Amino acid sequence: MNRCKKVAAFIVLLMASIICGIGFLNHSKVKNQKKIPIIDLKLLEGKDNIVPLLVLGSGPASLSAALYGSRSGIRTYVLRGNKPGGQLTGTSYIENWPAIKKIRGIEVMNDFEEQVSHFGSIIISDSATSVDLSSWPYRVITEEGHELYALALMVGTGATPRRLNIPGEGDNEYWGKGVTTCAICDAPYHRGDKVVVIGGGDSAMEEALELSPYAKSVHVLVRSNELRASANMIAQVKNCINVTINYNKALAEIKGDGQHVTGVVVVDTVTKEQTEWPDTRGVFLAIGHVPNTYIFKGYLNADKEGYLKVGPGNQMTNWPGVVAAGDVADPDYRQAGVAAGDGIKAGLDLVWWLASLGFNSYVQEKLEPFFFNPHSVQKKKLEEISSMAEYRELIKNASESVIVLDFFTPYCPSCVHMLPIIEWAAAKMHGKIRFCKIDASVSYDLVKKFKVPDVPHMIVIKNGEIVDRLKETMPRAEFYTYLKKFLS
Ligand code: NDP
């Protein structure tokens, strides 16, 4: 059978199973779930913002679930969350994505979004801020204030990098001023510097490899006397002459001059002796992650670290019609490939579960008028310029008094994460502030004219004059408040 025929056969089989409520449905997989009544159209019709299958997150697990949901004909919505594409967009190259020798994490996730959109998933740049699972359909409130009613829910909210909680690391101290978790973002700013990487896992090795071509010296501090990283990663690090692995060493304090990190205090974990390393300019944390599960507290069972419990044998949580996959539910493997595989299982678990409730194409058609309308939250596509001539044209024609130039590069994770927020602001402040993207990797004359040293870098222009430069990323609400001050 050729590929097209196979895909068509698969879709027909899945649709048949959904329409008949049989076929793929395996009752043993859902037998431990609390009962939800068979779908009653009278109960659902008239309810606004229904979402048949809602995916929270946009990493490999989430998009795999969305792929299987939408490909089986179920209207699937993806709330991308605050880090579109998840952790893979913060890594450099991936060498262990099955069947691909080497590829950038950002490329994988861009292709992935394109693929799930192609099958009909609706991708929305918004995040879930709270859930109410006490009644069904499940109520999900988003950062933009939307109230969605999900018939089935996939939790792929991932995990957030762990912090050390030591003096000097705080958000109002040196976080973002030399302390970070993203070498791929910041390595180029550490040319000739001495930097430290904290951790002994694969992430720490990856950070060291990313920093090695730029920094004068990279010191990896490992709190125990052994590495957790894989042999392949350790071998690559050992090939870098400017990287030193320091065992039984941890960080006690980060010091700075008010503007930037200037030194660290290192503690020997065996002797407890503390030593100051005064000339250190960068601190890269790679000490694992904390699962993003707090909004499900009280509903979904989790282990003591907060990882959601699923299965056995499937991705179902303890709550009916709620599945989880990826780093949020995987304390052991935490690999993108595993997340994608578990995401497929999660997607199929929901397809089968919805079928068991009698959700079929007839029901979907009847409920269609009550589905959430994503157009109400679509972002404004940003215009883009790449030359001085286009810039002059923009200034000449802009009716707005404030213009924001967003310098980015396609492989800068912070730029990618900030883009949906800028698009959202562009829609919200339409007519008041004009936003324009500039790809710094190709727009040499604009980079030179505006003296842009690195990305992300936003320039605020008011009445033709540069009034501010913004180098860090911000959450949506903070960005909105920041922009509003230029309108007064
Ligand atoms: P890991 O949990 O594997 O490693 C965390 C490291 O940080 C450990 O060395 C741990 O030390 C150390 N650590 C934890 N807390 C502290 C602390 N407070 N102070 C100092 N050190 C601390 O996390 P990773 O993010 O490295 O990896 C997570 C998963 O992702 C793994 O499965 C890994 O294989 C995978 N991964 C794969 C990559 C690839 O294949 N290219 C790249 C990156 C990650 P201790 O051992 O003492 O607990």
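Residues numbered from 1 in each chain as written. Predicted model: local features only at pLDDT ≥ 70, side-chain atom pairs only at ≥ 80, totals over all residues. Heavy atoms only, no water.

### A word on the overall build of the protein chain
Then step 1. Helix and strand counts for the protein chain come out as 14 helices and 24 strands.
Then step 2. For the protein chain, whose C-alpha radius of gyration is 24 Å, the value lies close to the compact-globule estimate of 23 Å for 488 residues.
Then step 3. For the C-alpha atoms alone, the extent of the protein chain along its principal axes is close to 70 × 65 × 45 Å.
Then step 4. Sorting the 488 residues of the protein chain into buried and exposed places 52% on the buried side.
Then step 5. The long-range share in the protein chain, meaning contacts at least 24 apart out of those at least 6 apart in sequence, stands at 68%.
Then step 6. When the accessible surface of the protein chain is totalled, it reaches about 23,000 Å², and 51% of it is carbon and sulfur.
Then step 7. The positive charge centre, built from 54 side chains, and the negative charge centre, built from 52, are 2 Å apart in the protein chain. (Helix = DSSP H or I, 4+ residues; strand = E, 2+ residues; numbered from the N terminus. Rg over C-alpha atoms; globule rule 2.2 N^0.38 Å. Buried < 20%, exposed > 50% of the residue type's maximum accessible area, 1.4 Å probe, protein only. Contact = heavy atoms within 4.5 Å. Areas by Shrake-Rupley, 256 points an atom, 1.4 Å probe, with all protein chains shown as cover. Lys, Arg positive; Asp, Glu negative; His and termini not counted. Charge placed at Lys NZ, Arg CZ, Asp CG, Glu CD.)

### Let's talk about the domain arrangement of the protein chain
Then step 1. The domains assigned to the protein chain are domain 1 (3–160 + 289–376), domain 2 (179–285) and domain 3 (383–487).
Then step 2. Each partner contributes to the interface: domain 1 provides 14 residues, whereas domain 3 provides nine residues.
Then step 3. Summing the contributions of domain 1 and of domain 3, the shared interface buries around 950 Å²; its carbon and sulfur component is 60%.
Then step 4. Seen at the junction of domain 1 and domain 3, the total is two residue pairs in polar contact (both at pLDDT 80 or more).
Then step 5. Looking at the side of domain 1 that touches domain 3, its residues break down into two nonpolar, five polar and seven charged. (Domains from an automatic or database assignment. Buried area = accessible area lost by both parts, 1.4 Å probe. Polar contact = N/O pair within 3.5 Å; in protein donor to acceptor, adjacent residues only side chain to side chain. Nonpolar A, V, L, I, M, F, W, Y, C, P; charged D, E, K, R; others polar.)

### Side note on the environment of G311
Then step 1. For G311, the location among the structural elements is in the loop between β18 (289–291) and β19 (322–324).
Then step 2. G311 sits in the partly exposed class, given a relative accessible area of 30%.
Then step 3. Along the primary structure G311 and R392 are separated by 81 residues, whereas in three dimensions their C-alpha atoms are 59 Å apart.

### Observations concerning helix α5 (residues 105–118)
Then step 1. For α5, spanning 14 residues, the distance from its first C-alpha to its last is 20 Å, which sits close to the expected 20 Å at 1.5 Å a residue.
Then step 2. What α5 keeps buried is the set G105, I106, V108, M109, F112, E113 and V116. Here the buried residues of α5 occupy an arc of 160° about the axis, which is enough to place them on one side. When the buried face of α5 is taken as reference, the exposed residues oriented beyond 90 degrees from it are E114 and H118.
Then step 3. Packed against the buried residues of α5 are α4 (60–71), β3 (93–94), β4 (103–104), β5 (122–124) and α12 (413–428). (Expected span 1.5 Å × (residues − 1). Arc of directions from axis to C-beta.)

### Things to note about helix α9 (residues 336–356)
An α-helix turns once every 3.6 residues. As a result, residues three or four positions apart point the same way.
Then step 1. An ideal rise of 1.5 Å per residue puts 30 Å on 21 residues; α9 measures up with 30 Å between its terminal C-alpha atoms.
Then step 2. Downstream of α9 by one or two residues, G358 has phi in the positive range, about 90°.

### Things to note about the site of the ligand
Then step 1. Near the ligand, the surroundings consist of 19 residues, among which N96, G200, D202, S203 and R228 are the closest.
Then step 2. One nitrogen or oxygen atom from the main chain of Y333 is found 3.0 Å from an oxygen atom belonging to the ligand.
Then step 3. In this structure, Q335 approaches the ligand through a side-chain N or O atom, which is 3.2 Å from an oxygen atom.
Then step 4. In isolation the ligand offers 910 Å² of accessible surface; the protein chains occlude 80% of this area.
Then step 5. Top contributing element to the shell around the ligand by residue count: helix α7 (residues 202–211), with three residues.
Then step 6. Class assignment for the residues of the shell around the ligand results in six nonpolar, eight polar and five charged.
Then step 7. Split by domain, the residues of the shell around the ligand number at least three in each of domain 1 (3–160 + 289–376) and domain 2 (179–285). (Near = heavy atom within 4 Å.)

### As for the state of the cysteines
Then step 1. Following the criterion strictly, the structure yields one disulfide and no others.
Then step 2. Here C412 engages in a disulfide with C415; their sulfurs sit 2.3 Å apart. One quick way to see it: the torsion about the S-S bond of C412 and C415 is about 85°, and its sign makes the bridge right-handed. The residues C412 and C415 share a single accessibility class, namely buried. (Disulfide = S-S within 2.5 Å.)

### Remarks on the pattern of salt bridges
Then step 1. For the structure shown, the criterion picks out 12 salt bridges.
Then step 2. For R163, the salt bridge goes to E169, with nearest N and O atoms at 3.8 Å.
Then step 3. Overall, R163 belongs to the partly exposed group, its relative accessible area being 29%.
Then step 4. Accessibility expressed as a relative area gives 2% for E169, which makes it buried.
Then step 5. Residue K249 pairs with D268 through a salt bridge whose shortest N-O separation is 3.0 Å. You can see K249 sitting in strand β14 (residues 249–256) and its partner D268 sitting in strand β15 (residues 261–268), a full 19 residues away along the chain.
Then step 6. Classification of K249 by relative accessible area gives partly exposed; the value is 22%.
Then step 7. Overlapping salt bridges, with partners in common, bring together E383, E400 and R434 in one network. (Salt bridge = Lys/Arg side-chain N within 4 Å of Asp/Glu carboxyl O.)

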